Amino acid sequence: MIDEDYLKNINEYAEGMGVSFASARGENRKTTNYLLKNGVIESVVNSFSSGFNVKVNVNGNIGFASTDLWSREEGVKISDIAIRNAKYAKRKNKINMDDEKAIRDDWSVNIKKKTLDMDKSDIIELLTDINKAIIDTKIKIPGIVIMFSIEDIYKVIVNSNGTNIKSKDSKITLFAYISIAENNQSSQFYKMYGFTGGMEAFDVWHADEDLKNECIIQKKILDNGVSIKPQKYTVVCGPEVSGIAAHESAGHPMEADRILGREISQAGGSFITAEMLGTQIGSEYATVIDDPTIENSYGYFKYDDEGVRGVKKFLYNKGKINDFLHNRESAAKMNKKSNGSSRAASYDLEDIVRMSSTYISPGDWEKDDIIKDIKNGVYMKSFTEWNIDDWRFNQKYVAREAYYIKNGEICEPLKRCVLEITTPNFWKSIDAASKELEWNSAMCGKGDPEQGVPVFTGGPTIRLQGVYLYD
Amino acid sequence: MTDESTEQSEKYVNFALKNGADEALIIIDDSHNRQVRFSKNEIDIINDWISETITIYITKNKKQIITTVSRADNAEERIKQSIKQTDSLNENINYNGIAKGSMKYRNLVYCRDIEKIEDPTDIVDEAINGALNNGAKSVGGTLYIYNMKRSLSSSEGPCGFDKSTGVSLSIRAFGQDDSSGHWVSVTPNLNELNPFESGKKAAEITTLQPYKQTKIEAGAGIYDVILSPMFTGSLISNISEMISAFSVEVGQTIFINKLNEVVAPDFVTFSDYADDGVISKRIFDDEGYPIQKTKWLEKGILKTYLHNTSTAKRFNVNSTGNAGLIEPTPFFTYMDAGDSTLNEMIKETKHGLYFTNTWYTRYQNMYTGDFSTIPRDSMFVIENGEIAGRCKSLRVSDNIASLLKNIELISKDRYQIQWWGEARIPSLSPYLKIKNVHITTSR
């Protein structure tokens, strides 16, 4: 299992083989997953994963290899394979890493209610109680899937800069997928709850109450929802919608590796180019921040997987394209410094540029004031189906919960209305943002093989002027 | 054929039974997989992944627990812990056992040439050259090389050893004016990989020359649509995941209460079969049940769901050999060939669209099938049986059940498709012509 001195030795071995950069990242990851299907525990899966990787830069070429066997011979073998792989690459345009100072640190996530000591029956009871809260609504619910996971991650990062960082992380995740069937109509929704810390997550989430309420709301929409008249409206988006927009059409297009084309074959590119820094893309309310330092957020980390300190970054600032998300490779290509955005989903995957907690900065409006002057508008509180093209330019959000706004009042519920809009139109249309900030959890996919990393999406309630909605 | 790991898995099964398990099943997966990632005509990184994972499946008093450990771990200690942990669990009233009896498997077939690949960059260079020599300006993609061994031993009888190899090349070519094309070559046999042809095909999709100069604004509306195998592969991946009995039990499928009903035209047939010719080839499922061919949709009629032992008993049928220890899963989907060609489809379209790829398929309701997906790479407008020009920024916002019913033509040619999360379940996918597809756009 993981051994800091062993990793240092492996890294020193790689360094001694004529590389310009070497890093070794090792990890012990203990995960327990629970699946409750229609009220019955369908599976409990324990996973004990342990292994390390060696990543090297040889004359501007990157090689990587990983193993789950902790032996001296295996370490030498893995280093040799990584170096061989780098030599095979034979690039004309050499890859460099930005200069970073050595960091030696040992950090841990603050856990109030420990997970390791909990009996599995206690956790099953928690999940069963959530299921019961949903059933007790007496709504006809033919399908409930509840998934819960506890993940404890001990990680060591060493590199040829002299960095040596140890960390203990803990991620708690709850996911529910619920089907409602009433009066020959059906509605489905899912909700995800993520937390960095311990079982105190349940005190923050109130998932039983939240899911119960969501079922009641969805039934009301099935019973009373009307179809929207397709036209332009003043649209008020709740924090869930503003948060997903921050993630999809501000966070992703500002990832420097996308801008440089490194993700182009699968996860896609960006409509933003390196030359567009400083360009106005939105209104003065379009300030989007990525910040991994928010404690207990699902995207929390102190250092990224290259050993660079995570910092708060203003991606869009008052509507201007301001700061890209960087790792050491993309930063070097753009003559910048890494801003600590390199993450890997596990020890056997390369670290790439990722978001953490990405959100629209709160504004100066009271939520009531945002709505009170609207004569004919729509309040889109939450979303279900969504997608965006691989240039991050055309996005679609289908409302899970929405209402007409008439003369400053929230009125009848709407069946699933659709906001389908370009990225500049979305960000230019914002003319108000509320003071409060709310968060949601998501698993962000990117990379090849696809890596899911935990993130927060967040935002205030925002108002968009003159945007088209249809049913 | 056996392997040392088969003896090891048997040993662990016996250890589990001695320590109080009612049933035990051990799977040892030993793999050395490799990958080359490239963009802008150069290699970004080459990865090697070496691992050996032991999956421990234990039941005691109808309580199940699964534990996966790496080879450095103490598997016997984890087995003991797993058995003890069943005390904390509730009885799974849905549980109906795992495959029982001595099983006979087909002979092992794998590609020794794939095992022998040293420098994988020759394949990548060939693919890049295939694209650049045919009009592409920039090329990106991935090459995977798979070498996997699996040993399985079950207290209920099944015992087997499987070995599989594969190569998977995904290449995306970029031409002028934001044009792009994506193609894959996916096969368990190295001699069937066509790197140069794949690069060429991706490049040819970018513009479908000589039409590259014409750009047409195609608005929202209802169109007859032709889908390339890349797009079809993504749809098939979605549809085949809905055929799992698990999806039926939790309402995440359009196929609930549709057995023996017409769900597609009578020339549409789908089967699940991970035979020796496909990238996801395997000889037994996760319970050790032999892989078989299951025609789940035949001549437009839904015939069965995909089952493991437990779901099969609940549905009062036999396992289809698609375990998943937790849920049944499709392994490889065959769509039967039609009698058309891409050119014939275009000729028979008066006013339509040709999509060469898609991504980001998301549902608002998997029971009704309401969904959208975003075509990516070059897309084309068809007028009066001819490609009239390129268009962009369109979205398919429709219903998956309707698309299935509205298939008009299927091509004779089919291709093994699998890429990223978009076509996760591999398939043999044709070109399709589908009528009356709803298209939307951003405003």
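Everything quoted here is computed from the prediction, not taken from an experiment.

Caption draft 1: Looking closely at the overall build of chain A. Along the backbone of chain A there are 10 helices and 22 strands. Relative to the 2.2 N^0.38 estimate, which gives 23 Å for 471 residues, the radius of gyration of chain A is 24 Å and therefore close to what a compact globule would have. In terms of overall dimensions, chain A has a C-alpha envelope of 70 × 55 × 35 Å along the principal axes. Burial statistics for chain A: of 471 residues in total, 65% are counted as buried. Put simply, of all contacts in chain A between residues at least 6 apart along the chain, 74% involve residues at least 24 apart. Per element, the accessible surface of chain A, about 16300 Å² overall, is 47% carbon and sulfur. Charge centroids of chain A, computed over 61 positive and 69 negative side chains, lie 3 Å from each other.

Caption draft 2: Expanded view of the interface of chain B and chain A. Taken residue by residue, the interface counts 80 residues in chain B and 86 residues in chain A. Overall, the association of chain B and chain A removes approximately 7000 Å² of surface from exposure, summing both partners, and the carbon and sulfur fraction of that is 47%. By the criterion of area lost to chain A, the three top residues of chain B are B:Q364, B:W420 and B:R443, representing 11% of everything that side buries. Between chain B and chain A we count 12 salt bridges in total. Here A:R84 ties to B:D48 by a salt bridge, and the two come within 3.4 Å at their closest N and O atoms. At the junction of chain B with chain A, the criterion picks out 64 residue pairs in polar contact (both at pLDDT 80 or more).

Caption draft 3: Geometry of the packing of aromatic side chains. Going through the model one piece at a time under the given rule, you end up with 35 aromatic pairs over all chains. Consider the rings of A:F202 and A:W205, whose centres lie 5.2 Å apart with planes at 55°: the pair is tilted. Linking A:F202 with A:W205, this pair stays in helix α4 (residues 201–205), spanning three residues, or about one helical turn. Of the two residues examined, A:F202 and A:W205, each falls in the buried class. For the ring pair B:F255 and B:W296, a centre distance of 6.4 Å and an interplane angle of 65° mean the geometry is edge-to-face.

Caption draft 4: Just helix α6 (residues 239–251) of chain A, in detail. Over its 13 residues, α6(A) runs only 16 Å from end to end, short of the ideal 18 Å by more than 12%, given 1.5 Å per residue. For α6(A), the tally of buried residues reaches 13 of 13 residues, placing the bulk of the element in the interior.

Caption draft 5: Local environment of the domain arrangement of chain B. Residue and element names in this part refer to chain B. Segmentation of chain B into domains returns domain 1 (4–203) and domain 2 (208–440). Taken together, the contacts link 44 residues of domain 1 with 38 residues of domain 2. Carbon and sulfur atoms make up 54% of the area that domain 1 and domain 2 hide from each other, which totals about 3500 Å². At the boundary of domain 1 with domain 2, the tally comes to four salt bridges. With a closest N to O distance of 2.9 Å, D162 and K281 form a salt bridge. Linking domain 1 to domain 2 there are 20 residue pairs in polar contact (both at pLDDT 80 or more). Examining the composition of the side of domain 1 that touches domain 2, we find that nine residues originate from one element, strand β5 (residues 159–174), more than from any other. A per-class count over the side of domain 1 that touches domain 2 returns 20 nonpolar, 15 polar and nine charged.

Criteria and thresholds
- Residues numbered from 1 in each chain as written.
- Chains lettered and ligands numbered in written order.
- Predicted model: local features only at pLDDT ≥ 70, side-chain atom pairs only at ≥ 80, totals over all residues.
- Heavy atoms only, no water.
- Helix = DSSP H or I, 4+ residues; strand = E, 2+ residues; numbered from the N terminus.
- Rg over C-alpha atoms; globule rule 2.2 N^0.38 Å.
- Buried < 20%, exposed > 50% of the residue type's maximum accessible area, 1.4 Å probe, protein only.
- Contact = heavy atoms within 4.5 Å.
- Areas by Shrake-Rupley, 256 points an atom, 1.4 Å probe, with all protein chains shown as cover.
- Lys, Arg positive; Asp, Glu negative; His and termini not counted.
- Charge placed at Lys NZ, Arg CZ, Asp CG, Glu CD.
- Buried area = accessible area lost by both parts, 1.4 Å probe.
- Salt bridge = Lys/Arg side-chain N within 4 Å of Asp/Glu carboxyl O.
- Polar contact = N/O pair within 3.5 Å; in protein donor to acceptor, adjacent residues only side chain to side chain.
- Phe/Tyr/Trp six-rings, centres within 6.5 Å; stacked < 30°, edge-to-face > 60°.
- Expected span 1.5 Å × (residues − 1).
- Domains from an automatic or database assignment.
- Nonpolar A, V, L, I, M, F, W, Y, C, P; charged D, E, K, R; others polar.

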